[in-house]
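The chain contents come next:
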2 protein chains.
Amino acid sequence: MEDKRIDFQNVKNEVRVFAPATVANMICGFDILGFAVDFPGDEVKMYRVEEPGVRIRSIEGDEGRLPLDADRNTVSACVKMLLEALGIQEQIGVEIELIKHMPIGSGLGSSSASTVAGLFAINNLLGDPLTKEELMPFCVEGERLACGHGHADNVAPALMGGITLIRGYNPLDVIKLPVPTELYAGIVFPKVDVPTRDARQLIKEKVLLKDAVTQWGNIAGLIAGLYDSDYDLIGRSMHDVLIEPTRAILIPEFYEMKQLALEEGALSFGISGSGPSVVAIARGKDIAEKAATRIQQHLTACDIESFKYVSAVNVDGPKVI
Amino acid sequence: MEDKRIDFQNVKNEVRVFAPATVANMICGFDILGFAVDFPGDEVKMYRVEEPGVRIRSIEGDEGRLPLDADRNTVSACVKMLLEALGIQEQIGVEIELIKHMPIGSGLGSSSASTVAGLFAINNLLGDPLTKEELMPFCVEGERLACGHGHADNVAPALMGGITLIRGYNPLDVIKLPVPTELYAGIVFPKVDVPTRDARQLIKEKVLLKDAVTQWGNIAGLIAGLYDSDYDLIGRSMHDVLIEPTRAILIPEFYEMKQLALEEGALSFGISGSGPSVVAIARGKDIAEKAATRIQQHLTACDIESFKYVSAVNVDGPKVI
């Protein structure tokens, strides 16, 4: 990174960035697939200041759960890491306002959206010295700081936009997949607590090979369906026989919500990331909207508060606003 | 099938069909992927006769290992099954000459090529009443008769041609994948005995989820690589971390052959089906040829007899010759 020259004359005084929420796993592709949505997402306002270093000015929308300490906050820690990699940590100072538009622990890549917003913002402030591909390892490192593991299935779509495949980690190999234009997500976040760590611990270390074969047949079918814009094939393929059966236990009314989504004509229904958010995948906004509405009505009848988001796949990723 | 009308006036007197050998698994896609090659393959000559029923006239190239008894021979048994499904078993008689151009138990889909040749031949003789899609279940049933399990990863590419994905079995869902034009296979069959059943029994029933994730990341990468004709991605993706480590034990000089193939510039190298045939996947005929030649030279130096086949992906499948 030392070869990246920063033209300090052209460093901006401030920038405001939005980075999107993401649906990791994409129902059948545990740990390898994910896609970005238009909304919700997180916002970072970044200001250049005289005094070198990285500081957090304020955080909104986190219900007081995130640290303001710049060393402990993931966003500032990542920004610092990037400045150090560029060798300019002594030459520049920034202050950050983080505005969260989505709940923490929702299974919608909340920490990834903040991390990506922060890193995209500092890169933009500096005049875009790094490509998105070069920013990716910093985003993965941010995910490690936030969650204790360097998974990329949220940060990759949050940064690259669209639908991404993590082919492998040694080295990190992110592939952008085609996005069928009529693909919509109807997302519902039931306001119950499912910490990512617990959701991970439920999963068995070993699986039956025959179930793994079923799973990778479906993954392969989904990839083919995305390339061919074959919505039927996408629907036939989006089944998770390995992870959903255990994780669904943590999500109230999961199978009832699934039935409602499919009744409304959704192509598929499953858990977003490690939950508790659920997602109905649909052809067209109308069906996604109907499915999400029906699910939310059901949760309301069960006295479970929820949030609803309906979105196409966001093909752009983070943006300066 | 009872709705298929056969016009007995137009039934041919004889037909000669070639069906191709196939490389199942395609290195990383255990039980779901496979592709057809131009050569080797099996031939069926079929003659209409007066007396109803299905009989085997002769078998060449099997070293006397296949039964001439029409009820025990897979080819004739499948042809009979099809005539019964059409409800015309009392109205037509055929005799079959089977000419095998490839060794039995080679891992190149020998039984599938014969089955597909037989079923394609009877369908053609009858005036093509069934589509390839309609023939597929009979081919899978033939595989069950021949091997004791109804896998489709050899019969699907043998019948459909090209590269096929078996997305799932309930119901059978075969997807034709795109074929990058420069994709070649350099196949070497070391003449050692590896019965399919033994090769299957070696495989563990349970696998680590983290290895399964690596495997399906690679499978997804391979599908994307095929759609994008991205040879680098194809090469990066064609690794088998689950099956190869155990099956390679049965194949003499496996890792030496792998090293030679990669030295010659092959994109990937692995086991064809359950072996002992091995396959170097290459961009261009030249590299495939060099890799296969180098492997064969090595086997010769080790006093292991072998056969070598170099071929593009056969996109047509069976054909009348």
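Scoring rules and cut-offs
Residues numbered from 1 in each chain as written. Chains lettered and ligands numbered in written order. Predicted model: local features only at pLDDT ≥ 70, side-chain atom pairs only at ≥ 80, totals over all residues. Heavy atoms only, no water. Pairing = 2+ DSSP bridges. Helix = DSSP H or I, 4+ residues; strand = E, 2+ residues; numbered from the N terminus. Axes fitted to C-alpha atoms, helices over the stretch in contact; angles between N-to-C directions. Domains from an automatic or database assignment. Contact = heavy atoms within 4.5 Å. Buried area = accessible area lost by both parts, 1.4 Å probe. Salt bridge = Lys/Arg side-chain N within 4 Å of Asp/Glu carboxyl O. Polar contact = N/O pair within 3.5 Å; in protein donor to acceptor, adjacent residues only side chain to side chain. Left-handed = near helix turned anticlockwise from the far one by under 90°. Nonpolar A, V, L, I, M, F, W, Y, C, P; charged D, E, K, R; others polar. Phe/Tyr/Trp six-rings, centres within 6.5 Å; stacked < 30°, edge-to-face > 60°. Buried < 20%, exposed > 50% of the residue type's maximum accessible area, 1.4 Å probe, protein only. Lys NZ or Arg CZ within 6 Å of the ring centre and 35° of its normal. Parallel < 35°, antiparallel > 145°, perpendicular 65-115°, else oblique.

(A) Region of the structure containing the sheet that holds strand β9 (residues 268–271) of chain A. All names here are of chain A. Strand order across the open sheet formed by 4 strands is β9-β10-β7-β11, with antiparallel pairing between neighbours. Of all strands in the sheet, those bounded by a partner on one side alone are β9 and β11 (306–312). For this sheet the average axis-to-axis angle between neighbouring strands, irrespective of direction, equals 20 degrees. Relative to strand β10 (residues 278–283), strand β7 (residues 183–190) runs antiparallel, the two sharing 6 bridges. The partner of Y184 across the bridge, within β10, is A282.

(B) Examining the domain arrangement of chain A more closely. Residue and element names in this part refer to chain A. Partitioning chain A into structural domains gives domain 1 (8–177) and domain 2 (183–312). One C-alpha centre belongs to domain 1, the other to domain 2, and the line joining them spans 25 Å. Contact with domain 1, which involves 30 residues of that partner, is made by 37 residues of domain 2. Summing both sides of the interface, domain 1 and domain 2 together bury roughly 2500 Å²; the carbon and sulfur share of this comes to 66%. When the buried surface of domain 1 facing domain 2 is broken down by residue, I27, C28 and F30 rank first, second and third, together holding 29% of it. Our count for the contact surface shared by domain 1 and domain 2 stands at 0 salt bridges. Where domain 1 touches domain 2, the interface holds 7 residue pairs in polar contact (both at pLDDT 80 or more). Residue assignment for the side of domain 1 that touches domain 2 shows that the elements contributing at least two residues are β1 (14–24) and β2 (33–49). By residue number, the principal contributor to the side of domain 1 that touches domain 2 is β2, which donates 7 residues.

(C) Seen up close, the packing of helix α1 (residues 74–85) of chain B against helix α2 (residues 110–125) of chain B. Residue and element names in this part refer to chain B. Between α1 and α2, the shortest axis-to-axis distance is 9 Å and the interhelical angle comes to 35 degrees. In this structure, the crossing between α1 and α2 has a hand that is right-handed. Contacts between α1 and α2 pair T74, V75, C78, V79, L82 and L83 from the former with S114, T115, G118, L119 and I122 from the latter. Of the residues assigned to the contact of α1 with α2, the class counts are 7 nonpolar, 4 polar and no charged.

(D) View of the packing of aromatic side chains. Residue and element names in this part refer to chain A. For the coordinates displayed, the defined rule picks out 9 aromatic pairs over all chains. Between F189 and F307 the ring centres are 6.1 Å apart and the planes differ by 15 degrees, which places this aromatic pair in the stacked class. Placement of F189 in strand β7 and of F307 in strand β11 is noted, with a sequence separation of 118 residues between them. Geometrically, the ring pair formed by F254 and F269 is tilted, given 5.4 Å between the ring centres and 50 degrees between the ring planes. Residue F254 is located in helix α9 (residues 254–263), and its partner F269 is located in strand β9; the two are separated by 15 residues in the primary sequence. Side by side, F254 and F269 carry an identical accessibility label, which is buried. Taken together, the ring pairs connect F254, Y255 and F269 into an aromatic cluster. Here the basic side chain of R57 rests over the ring of Y47, its NZ or CZ set 4.1 Å away from the ring centre.

(E) Representation of the side chain of A:T22 within the structure. Residues and elements named next belong to chain A. Tracing the chain through its elements places T22 in strand β1. Of the residues examined, T22 reaches a relative accessible area of 0% and is grouped as buried. A distance of 2.8 Å separates the side chain of T22 from the side chain of N154, its partner in a polar contact. Sequence-distant contacts of T22, defined by excluding residues within four places in its chain, comprise F35, A36, G107, L108, G109, N154, P157, A158 and S272.

(F) Inspection of the packing of helix α2 (residues 110–125) of chain A against helix α3 (residues 132–147) of chain A at higher detail. Residue and element names in this part refer to chain A. Orientation of α2 relative to α3, taken along the N-to-C sense of each, is 140 degrees, at an axis distance of 9 Å. One element, α2, and the other, α3, form an angle in the oblique class. The way α2 lies across α3 gives a crossing that is right-handed. Contacts between α2 and α3 pair S111, S112, T115, V116, L119, F120 and N123 from the former with K132, L135, F138, C139, G142, E143, A146 and C147 from the latter.

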